Amino acid sequence: MKKCLIIGKPHVGKTLFFILFSKYLGLKELLVEQNLLNGDRIHKLYTFEEAIKSLCASKPFKTQYLQSIDLNLPLLKGNMKLQLVDGTGLTEGIHGDVSIRRGMVQTLAALYECDIILHMIDINSYAAEPNDTMNGFGCTDIQLTQYGLSHQAYVILANKIDLLDSRTKLAQLQLDYPQHTIIPISTLSGQGFNEIKAYCRFKSKYV
Ligand SMILES: Nc1nc2c(ncn2[C@@H]2O[C@H](COP(=O)(O)OP(=O)(O)OP(=O)(O)O)[C@@H](O)[C@H]2O)c(=O)[nH]1
Ligand SMILES: [Mg+2]
């Protein structure tokens, strides 16, 4: 089974995507495997509403350990199994909370063993102009784009485009990273999910 990791800063929308993309791929309920930091693996069954309520938040650092869902990606002849993995948001510097630090280490370990990397950003915090000091794209995102250069299946998901008032930030991101595939998405509305499915389907065959 191929592993597909959703990675990025805290609060960019990783877990909501983890839930709603699974729904889009046809799941009726969510069987989530949670890899706790003490090494235990537990399984929880959620409806989509319960999952959104329990696993997403209006504050950063809601997700503090790896969680995964097994998905079937439809192919021309049959299905391909894909494990979608969500983890702790990554930040610059050393976080004061030890369990968040350990969650980040667990997520970074998953980065080195996954087949497909979905690097999610909030496009609203991207700078509209080069060298803008307000650029929310810090070291973490830059390092992920650099790591992505040597990875066979790496894509940037520019999330929350429903909140954008113009395409300037997206155009600037595309100008800054011409070597990467960038998919503009809104996890809330499902915009871009088709393209992500096509990307994962195509890459699953080769990674
Ligand atoms: N408007 C809008 N809000 C979104 C979108 N995707 C996620 N959100 C909101 O962003 C907030 C954070 O979402 P989460 O899925 O919890 O983010 P996360 O990246 O998993 O956060 P951590 O687990 O804390 O790292 C929630 O309030 C979501 O409803 C989107 O496409 N559009
Ligand atoms: Mg989360």
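Residues numbered from 1 in each chain as written. Chains lettered and ligands numbered in written order. Predicted model: local features only at pLDDT ≥ 70, side-chain atom pairs only at ≥ 80, totals over all residues. Heavy atoms only, no water.

*Asks:* Looking at this structure, how should I read the site of ligand 1?
*Replies:* Near ligand 1 there are 21 residues, and of these Lys14, Thr15, Leu16, Phe61 and Asp162 occur at the shortest range. One of the backbone nitrogen or oxygen atoms of lysine 62 is found 2.9 Å away from an oxygen atom of ligand 1. Within the side chain of threonine 63, one N or O atom sits 2.9 Å away from an oxygen atom of ligand 1. In terms of residue class, the shell around ligand 1 is built from 9 nonpolar, 8 polar and 4 charged. (Near = heavy atom within 4 Å. Polar contact = N/O pair within 3.5 Å; in protein donor to acceptor, adjacent residues only side chain to side chain. Nonpolar A, V, L, I, M, F, W, Y, C, P; charged D, E, K, R; others polar.)

*Asks:* I tried to follow the nonpolar core on my own but got confused; where do I start?
*Replies:* A general feature of soluble globular proteins is that nonpolar side chains tend to end up buried together. Counting residues in each nonpolar core, the largest one holds 35 residues, and the members touching the most others are Phe17, Ile19, Leu118, Leu157 and Ile196. Filtering out sequence-adjacent residues up to four positions away, isoleucine 19 remains in contact with Leu30, Phe48, Ala51, Ile52, Leu55 and Cys56. Counting residues in hydrophobic clusters, the runner-up holds 26 residues, among them Ile100, Cys114, Ile161 and Ile182. (Core = buried A, V, L, I, M, F, W, Y, C linked by side-chain atoms within 4.5 Å. Buried < 20%, exposed > 50% of the residue type's maximum accessible area, 1.4 Å probe, protein only. Contact = heavy atoms within 4.5 Å.)

*Asks:* Help me out: how do you make sense of the coordination of the magnesium ion (ligand 2) in this one?
*Replies:* Expected angles at a metal are 109.5 degrees for tetrahedral coordination by four donors and either 90 or 180 degrees for octahedral coordination by six donors. Looking at the metal site, the magnesium ion (ligand 2) is ligated by Thr15 (OG1) and Thr63 (OG1), spaced 2.0 to 2.1 Å from it. Here threonine 15, found in helix α1 (residues 14–24), pairs with threonine 63, found in the loop between α2 (48–55) and β4 (66–74); they are 48 residues apart in sequence, far enough to count as distant. Classification of threonine 15 as buried rests on a relative accessible area of 8%. In this structure threonine 63 comes out as buried when scored by relative accessible area, which is 11%. (Donors = N, O, S within 2.8 Å, 3.2 Å for Na, K, Ca; no water. Helix = DSSP H or I, 4+ residues; strand = E, 2+ residues; numbered from the N terminus.)

Fair warning: the whole summary comes from geometry, so function is off the table for now.
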